[in-house]
Number of protein chains: 2
Amino acid sequence: MRSDCPLNFGLELFGDKWTLLIIRDLMFFNKRYYNEFLSSAEKISTNILADRLALLEKQGFICKGKDKEHKQKIVYSLTGKGIDLLPVIIEIGLWSDKYAGDLLSPHKEVILGRMKQDREKALATLKEKLKQKHL
Amino acid sequence: MRSDCPLNFGLELFGDKWTLLIIRDLMFFNKRYYNEFLSSAEKISTNILADRLALLEKQGFICKGKDKEHKQKIVYSLTGKGIDLLPVIIEIGLWSDKYAGDLLSPHKEVILGRMKQDREKALATLKEKLKQKHL
DNA sequence: GTTTTGTACTTGTTTTTTGCAAGTTGTTGG
DNA sequence: CCAACAACTTGCAAAAAACAAGTACAAAAC
């Protein structure tokens, strides 16, 4: 580690252009399989995806599971540590909503709109849903 | 841009290991000069610092000013767009506070403690102070 | 039951970014 | 005048990312 600063601690773990996008896919787009992450809009390359999934699992943000029906499939899901990144992701979203102008998807309002109305409640509701889906 | 997702928008601008640390130095450590950023705990290298300062200015997160007394010195300060990254930085800090265990500086509690007590008020107070110092 | 497809990767190569050391240009205090 | 300072720039080696292709094994199709 480069320092004992809390911000730096987080940045060393997920301060790059890809890691939080994988978490987002798990949180908001209900993606669970390798191929689903691969086909996201940002077009992550396969070696980077494999690398980040391994790192995320190693640090305990996500965990791997077996699929009952399809033995060859591996199911990825969030841990509590991963779910707790929700406020970080939401704040980045809110900042972008303020400064990106009309460059963003119109669908953003579904989530961000509620956050602007009542942040604490909207966060709590979303976190509960994530816990039910993932833990 | 890789996509029209709000999270991705933010990550393209400050999704790396260094950019937010410079913003942090401006926000919490009252750093204003090139050499001050250079001497932070994380030891950024000089070419990366120059590159990030140029990017941050280009995107309107910070602005360059002249120092009255010392003509050779350049003063960096935050814009409103930069100040609005405060919640993002705080959320990363709160997350780290929860998961880093005892790896973090004890000084963290000065800021993070108040955030846990009354987030909205603490954020508003800090933002006001930043506006007075920078704008 | 054998070929084909699907899924989760790995490997190799090129390009880009980072990290490190040193050099450059104008400033200023003595 | 001159050494130290401040804000960079430049050059090069190392690491990481992007791109293209290949592999191993399960399952579906024929």
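For the structure, see preceding data.
Nothing here was measured: the structure is a model prediction, and the numbers come from that model.

So, about the packing of aromatic side chains. For the structure shown, the criterion picks out 12 aromatic pairs over all chains. Ring centres of Phe14(A) and Trp95(B) lie 5.4 Å apart, and the angle between their planes is 85°; on these two criteria the pair is classed as edge-to-face. Residue Phe14(A) is located in helix α1 (residues 6-14), and its partner Trp95(B) is located in helix α6 (residues 86-99); the two belong to separate chains. Each member of the pair, Phe14(A) as well as Trp95(B), is classed as buried. A ring pair is formed by Trp95(A) and Tyr99(A), whose centres lie 5.0 Å apart and whose planes are at 35°; its orientation type is tilted. Pair noted here: Trp95(A) and Tyr99(A) are both in helix α6 (residues 86-99), with a separation of four residues, about one helical turn. Residue class for Trp95(A) comes out buried when judged on its relative accessible area of 3%. Among the aromatic residues, ring-to-ring pairing joins Phe9(A), Phe14(A), Phe61(A), Trp95(B) and Tyr99(B) into one connected group. The ring of Phe61(A) carries Lys81(A) above its face, with NZ or CZ at 5.4 Å from the centroid.

To continue, consider the protein's contact with DNA strand D. Looking at DNA strand D, there are 18 residues lining it, with Asn47(A), Arg52(A), Lys71(A), Asn35(B) and Tyr76(B) nearest. Sugar plus phosphate, as a fraction of atoms of DNA strand D within 4 Å of the protein: 73%. One of the side-chain nitrogen or oxygen atoms of Tyr76(B) is found 2.3 Å away from a phosphate oxygen of DNA strand D. At the level of elements, α4 (46-58) of chain A together with α3 (34-38), α4 (46-58) and β2 (74-78) of chain B are the ones that each hand at least two residues to the surface near DNA strand D. Per-element tally for the surface near DNA strand D: the top contributor is α4(A), with four residues. When grouped by side-chain class, the residues that make up the surface near DNA strand D number six nonpolar, eight polar and four charged.

What counts, and at which threshold
Residues numbered from 1 in each chain as written. Chains lettered and ligands numbered in written order. Predicted model: local features only at pLDDT ≥ 70, side-chain atom pairs only at ≥ 80, totals over all residues. Heavy atoms only, no water. Phe/Tyr/Trp six-rings, centres within 6.5 Å; stacked < 30°, edge-to-face > 60°. Helix = DSSP H or I, 4+ residues; strand = E, 2+ residues; numbered from the N terminus. Buried < 20%, exposed > 50% of the residue type's maximum accessible area, 1.4 Å probe, protein only. Lys NZ or Arg CZ within 6 Å of the ring centre and 35° of its normal. Near = heavy atom within 4 Å. Polar contact = N/O pair within 3.5 Å; in protein donor to acceptor, adjacent residues only side chain to side chain. Nonpolar A, V, L, I, M, F, W, Y, C, P; charged D, E, K, R; others polar.

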